[in-house]
2 protein chains.
Amino acid sequence: MKLKAFLNDYGRRVTYERGEHVFHQGDLDCFLYVIECGVLKAYYGASDGKERVKSFLLRGDIIGSLKSILTTDGCRFNLVCLDDCSLLKIEFDVLYKKSRDDLELSHEIIDFLIEFGLKKETREYEFLCLSPEERYLELLKKTPHLFDLVSQNEIAHYLGITPVGLSRIKKRVQSK
Amino acid sequence: MKLKAFLNDYGRRVTYERGEHVFHQGDLDCFLYVIECGVLKAYYGASDGKERVKSFLLRGDIIGSLKSILTTDGCRFNLVCLDDCSLLKIEFDVLYKKSRDDLELSHEIIDFLIEFGLKKETREYEFLCLSPEERYLELLKKTPHLFDLVSQNEIAHYLGITPVGLSRIKKRVQSK
DNA sequence: CATAATTTTTAACTTGGGTTAATGCCTAAA
DNA sequence: TTTAGGCATTAACCCAAGTTAAAAATTATG
């Protein structure tokens, strides 16, 4: 797997302690990060102090801010470690340029991006078509282990609801 | 632009009349479609007859079901023409295979997919962080011309609310 | 172990959007 | 110009989730 090999060869290992941020909203951060170990949370911080969780990142996942990479606006979200974490950090541009004369590498990037697109479409579908309760049940079915890794608080913010709301949904669901 | 050239060379022109479907939910359709002219609507049809609009497609846009291309589940959404339309139809697999030994083509696909990812992330952001009213205002700001092309009914379903809800939001907003 | 801090639950109250149905508006066809 | 069908608005009522605050449960820490 050329992409994995590339990330290993060119990546610089960085470690963070639980609670540390990899980057903040507004930062210009044009790196890709591969999670070697630990759990991370990518989240949008609203002006009113509310937070919304874009995604949780686990071992093997790749994360970076497309916004920061493609525009001069900086990151739209924050990336924070929920555990002590070890990441591989690679400048996006280096990978991008390398792919320009490496056919195999560029294929693997295409495959990665297609998978990424499908995931994003699925999340779009869930927000567009499912109620908070249905999204909760779906998450429970698809990634039950997530509930052991992060607080219910954070699950709620991932589902786009408040912790109070999630507590009520749980109660309603189990009484069925 | 090699991708455009490819789509033109290998694409087959197909035309549909207003109201015709290009494909339905559940169909196995592994084509990409480039919109030459006309307006189309990609939508999820819920079991209870409710519909939710995934996206509107305009001249120059490219659409296809990643789900159908990548899995055996078939399309998750419907694609229907809101006008008489002319499309270019290309088997995804032909493009994919061609990219396997064409570096320039594969770069352009990467660039396309990155842009696509950014768009999807933006829509995710809007559902996660904005209220229906805020999503309406955002749409009004970003693509005001859309309101001339499709009914308010369809705009509502794109925003994830009912036509009644959108009517109320409009009224509330203009009285501010 | 005790206590502080955080997370989760519960309660009371508010609210925005859903639902249903009636009404008014357009536009297209006859 | 009428009439029929679809679209948008309005009204009345309902309900799920938000908000605020307090209590209970869990987890961390000295």
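The rules we used
- Residues numbered from 1 in each chain as written.
- Chains lettered and ligands numbered in written order.
- Predicted model: local features only at pLDDT ≥ 70, side-chain atom pairs only at ≥ 80, totals over all residues.
- Heavy atoms only, no water.
- Contact = heavy atoms within 4.5 Å.
- Buried area = accessible area lost by both parts, 1.4 Å probe.
- Salt bridge = Lys/Arg side-chain N within 4 Å of Asp/Glu carboxyl O.
- Polar contact = N/O pair within 3.5 Å; in protein donor to acceptor, adjacent residues only side chain to side chain.
- Helix = DSSP H or I, 4+ residues; strand = E, 2+ residues; numbered from the N terminus.
- Nonpolar A, V, L, I, M, F, W, Y, C, P; charged D, E, K, R; others polar.
- Axes fitted to C-alpha atoms, helices over the stretch in contact; angles between N-to-C directions.
- Parallel < 35°, antiparallel > 145°, perpendicular 65-115°, else oblique.
- Pairing = 2+ DSSP bridges.
- Least-squares fit on C-alpha atoms with pLDDT ≥ 70 in both.
- Buried < 20%, exposed > 50% of the residue type's maximum accessible area, 1.4 Å probe, protein only.
- Core = buried A, V, L, I, M, F, W, Y, C linked by side-chain atoms within 4.5 Å.

**Quick look at the interface of chain B and chain A**
Step number 1: Taken together, the contact between chain B and chain A spans 38 residues of the former and 38 residues of the latter.
Step number 2: Here chain B meets chain A over a buried area of about 3700 Å², counting both sides, of which 67% is carbon and sulfur.
Step number 3: Applying the counting criterion to the chain B and chain A interface returns ten salt bridges.
Step number 4: The tally of links from chain B across to chain A stands at 15 residue pairs in polar contact (both at pLDDT 80 or more).
Step number 5: Of all the elements in the fold, those that place two or more residues in the side of chain B that touches chain A are β5 (51–57), α2 (66–70), α3 (92–99), α4 (103–129) and α7 (152–159) of chain B.
Step number 6: Among the elements that take part in the side of chain B that touches chain A, α4(B) stands out by supplying 21 residues, more than any other.
Step number 7: Here the side of chain B that touches chain A is built from residues that sort into 18 nonpolar, seven polar and 13 charged.

**Topic: the packing of helix α5 (residues 132–142) of chain A against helix α8 (residues 163–174) of chain A**
All names here are of chain A.
Step number 1: For the pair α5 and α8, the least separation of the axes is 10 Å and the interaxial angle reads 75°. Taken together, the axes of α5 and α8 lie roughly perpendicular to each other. From α5, P132, E133, Y136 and L137 reach across to α8, where they touch L166, I169, K170, R172 and V173.

**Focus: the sheet that holds strand β6 (residues 62–63) of chain A**
Residue and element names in this part refer to chain A.
Step number 1: Reading across the sheet, the four strands line up as β1-β8-β3-β6 and stay open at both edges, with antiparallel pairing between neighbours. Across the chains shown, the open sheet's two edge strands, defined by having one partner strand only, are β1 (12–16) and β6.
Step number 2: In this structure, strand β3 (residues 31–37) lies alongside β6, joined through two bridges in antiparallel fashion. In the sheet register, V34 faces β6, and the bridge partner there is I62.
Step number 3: Of the strands in this sheet, β1, β3, β6 and β8 (85–91) are in contact with helix α1 (residues 2–10), which crosses β8 at around 95°.

**Topic: the relation of the copies chain B and chain A**
Step number 1: Of the transformation superimposing chain B on chain A, the axial component is 0.0 Å and the angular component is 180°, with the fit at an RMSD of 0.0 Å. What the superposition gives is, in effect, a two-fold axis relating one chain to the other.

**Remarks on the pattern of salt bridges**
Step number 1: Per the stated rule, a full pass over the model turns up 28 salt bridges over all chains.
Step number 2: For A:E104, the salt bridge goes to A:K2, with nearest N and O atoms at 3.9 Å. Of this pair, A:E104 sits in helix α4 (residues 103–129) while A:K2 sits in helix α1, and the two are 102 residues apart along the sequence.
Step number 3: Since its relative accessible area comes to 42%, A:E104 is described here as partly exposed.
Step number 4: Among the salt bridges present, the one from B:D102 reaches B:K2, with a minimum N-O distance of 3.2 Å.

**A short note on the nonpolar core**
Step number 1: A:V22, A:L40, A:L87, B:V22, B:L40 and B:L87 are the most contacted members of the largest nonpolar core, which totals 38 residues.
Step number 2: Leaving out residues up to four positions away in the same chain, A:L40 has contacts with A:V22, A:I35, A:S55, A:F56, A:L57, A:L79, A:V80, A:C81, A:L82, A:C85 and A:L87.
Step number 3: Of all hydrophobic cores here, the second largest spans 35 residues; its members include A:L66, A:F92, A:I110 and B:I110.

In short, geometric facts, not functional conclusions.
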